[in-house]
Amino acid sequence: MNGKGSKLKTGIFSGSFNPVHIGHLALANWLCEFAGLDELWFVITPHNPLKNREGLMDDRLRYELVEASIAGYPKFRASDIEFSLPQPTYTIDTLRTLDRRYPDRRFHFIMGADNWAFINRWKESEAIINNYPILIYPRKGFEIILPDNHPEIRAVEAPLMEISSTFIRESLQAGKDVRFFLPEAIRNHKCFSNI
């Protein structure tokens, strides 16, 4: 094991993954191979309290799509931990639950520069900032300003991935062939014929 107190350095990549796409996977792969994480968990969020639920695919389906997409890469794992937490879920509650259940891991929260810019709107944001390492990846149009005296909060020079699940859903609805934006394992899943 590596990291603080020999605990596994586990990245928490939380999101709707509606659906998961190659941008998610490429970023996660980069974080494992170049940012010092031992592993990365995709935490599928039932409903982000800051987002509209309309257009959200079934929770279990989104989990299954992630699981199929990451099969074969040993550093990735799909997590449905938020499915059993009170709704809507909040990051601080998820992180605390993970800490209790997996004491052998040191959880690093992964977030985009767009979310970091509004971290003060999050439930108990100070507790997240003070208690968890945070890896902030670039997003177009957002400057990353790091707080003083928080060495475990860092900006990472990950590739800029400007692909969104909304773009994929809208493209499929418009009859576009965007097969290469989806992981090969889920490209022909029946759910995409209904979008």
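Everything that follows concerns the structure shown earlier in this document.
Because the structure is a prediction, the values reported are computed rather than measured. (Residues numbered from 1 in each chain as written. Predicted model: local features only at pLDDT ≥ 70, side-chain atom pairs only at ≥ 80, totals over all residues. Heavy atoms only, no water.)

Engineer: Hey, could you run me through the overall build of the protein in this one?
Structural biologist: Along its length, the protein carries six helices and six strands. When the elements of the protein are put in sequence order from the N terminus, they spell out β-α-β-α-β-α-β-α-α-β-β-α. Over its C-alpha atoms the protein spans a radius of gyration of 16 Å, differing by no more than 12% from the 16 Å that the globule rule assigns to 195 residues. With respect to the principal axes defined by its C-alpha atoms, the protein has extents near 50 × 35 × 35 Å. Looking at the protein as a whole, 46% of its 195 residues are labelled buried. Only carbon and sulfur atoms are counted for the fraction: they give 49% of the accessible area of the protein, which is about 10,300 Å². The averaged location of the 24 negative side-chain charges in the protein is 2 Å from the averaged location of its 24 positive side-chain charges. (Helix = DSSP H or I, 4+ residues; strand = E, 2+ residues; numbered from the N terminus. Rg over C-alpha atoms; globule rule 2.2 N^0.38 Å. Buried < 20%, exposed > 50% of the residue type's maximum accessible area, 1.4 Å probe, protein only. Areas by Shrake-Rupley, 256 points an atom, 1.4 Å probe, with all protein chains shown as cover. Lys, Arg positive; Asp, Glu negative; His and termini not counted. Charge placed at Lys NZ, Arg CZ, Asp CG, Glu CD.)

Engineer: Looking at this structure, I do not really get the nonpolar core. What am I missing?
Structural biologist: Where a protein is soluble and globular, its nonpolar side chains tend to be buried together. Core analysis: the biggest nonpolar cluster contains 35 residues, and Phe13, Leu31, Leu40 and Phe42 have the highest contact counts within it. Put simply, the parts of the chain that give this core at least two residues each are helix 1 (22-34), strand 2 (39-44), helix 2 (59-70), strand 3 (76-79), strand 5 (134-137) and helix 6 (165-173). With six residues, helix 1 is the single largest residue contributor to this core. Leaving out residues up to four positions away in the same chain, Leu40 has contacts with Gly11, Phe13, Ala28, Leu31, Cys32, Lys75, Phe76, Arg77 and Ile110. In terms of nonpolar packing, the next biggest core, distinct from the first, is built from 21 residues, Val43, Met111, Trp116 and Ile153 among them. (Core = buried A, V, L, I, M, F, W, Y, C linked by side-chain atoms within 4.5 Å. Contact = heavy atoms within 4.5 Å.)

Engineer: What should I look at first to understand the pattern of salt bridges in this one?
Structural biologist: Note on pairing: side chains with opposite charge can pair once their charged atoms come close. One pass over the full model with this rule turns up 11 salt bridges. A salt bridge links Glu124 to Arg96, with the shortest nitrogen-to-oxygen separation between them at 2.8 Å. On the criterion of sequence distance, the pair formed by Glu124 in the loop between helix 4 (113-116) and helix 5 (125-131) and Arg96 in helix 3 (residues 91-101) is long-range, its members being 28 residues apart. We classify Glu124 as partly exposed; its relative accessible area is 37%. For Arg106, the salt bridge identified is with Glu152, shortest N-O distance 2.8 Å. Here Glu152 lies in the loop between strand 5 and strand 6 (153-155) and Arg106 lies in strand 4 (residues 105-112), a separation of 46 residues in the sequence. (Salt bridge = Lys/Arg side-chain N within 4 Å of Asp/Glu carboxyl O.)

Engineer: What is the right way to look at helix 6 in this model?
Structural biologist: Given 3.6 residues per turn, any residue in an α-helix points the same way as the ones three and four places further on. All of the buried residues along helix 6 are Ser165, Ile168, Arg169, Ser171 and Leu172. For helix 6, the buried positions fall inside an angular range of 165° around the axis, keeping them on one side. Of the surrounding elements, those touching the buried residues of helix 6 are helix 1. The first or second residue beyond helix 6 is Gly175, which carries a positive phi of 80°. (Arc of directions from axis to C-beta.)

Engineer: Honestly, the sheet that holds strand 3 in this entry has me stumped. Any pointers?
Structural biologist: Picture the strands of a sheet paired through backbone hydrogen bonds; they go either parallel or antiparallel. Spatially, 3-2-1-4-5-6 is the arrangement adopted by the six strands of the open sheet, whose pairing is parallel. The open sheet has two edge strands, strand 3 and strand 6, and neither has a second partner. Taken pair by pair, the neighbouring strands of this sheet meet at an average axis angle of 25°, ignoring direction. Pairing geometry for strand 2 and strand 3, over four bridges, is parallel. Bridge pairing links Leu40 to Phe76 in strand 3. Lying over the sheet, helix 1 contacts strand 1 (8-15), strand 2, strand 3, strand 4 and strand 5, oriented at roughly 145° with respect to strand 2. The strands touched by helix 3 within the sheet are strand 1, strand 2 and strand 4, with strand 4 carrying the most contacts at an inclination of about 160°. (Pairing = 2+ DSSP bridges. Axes fitted to C-alpha atoms, helices over the stretch in contact; angles between N-to-C directions.)

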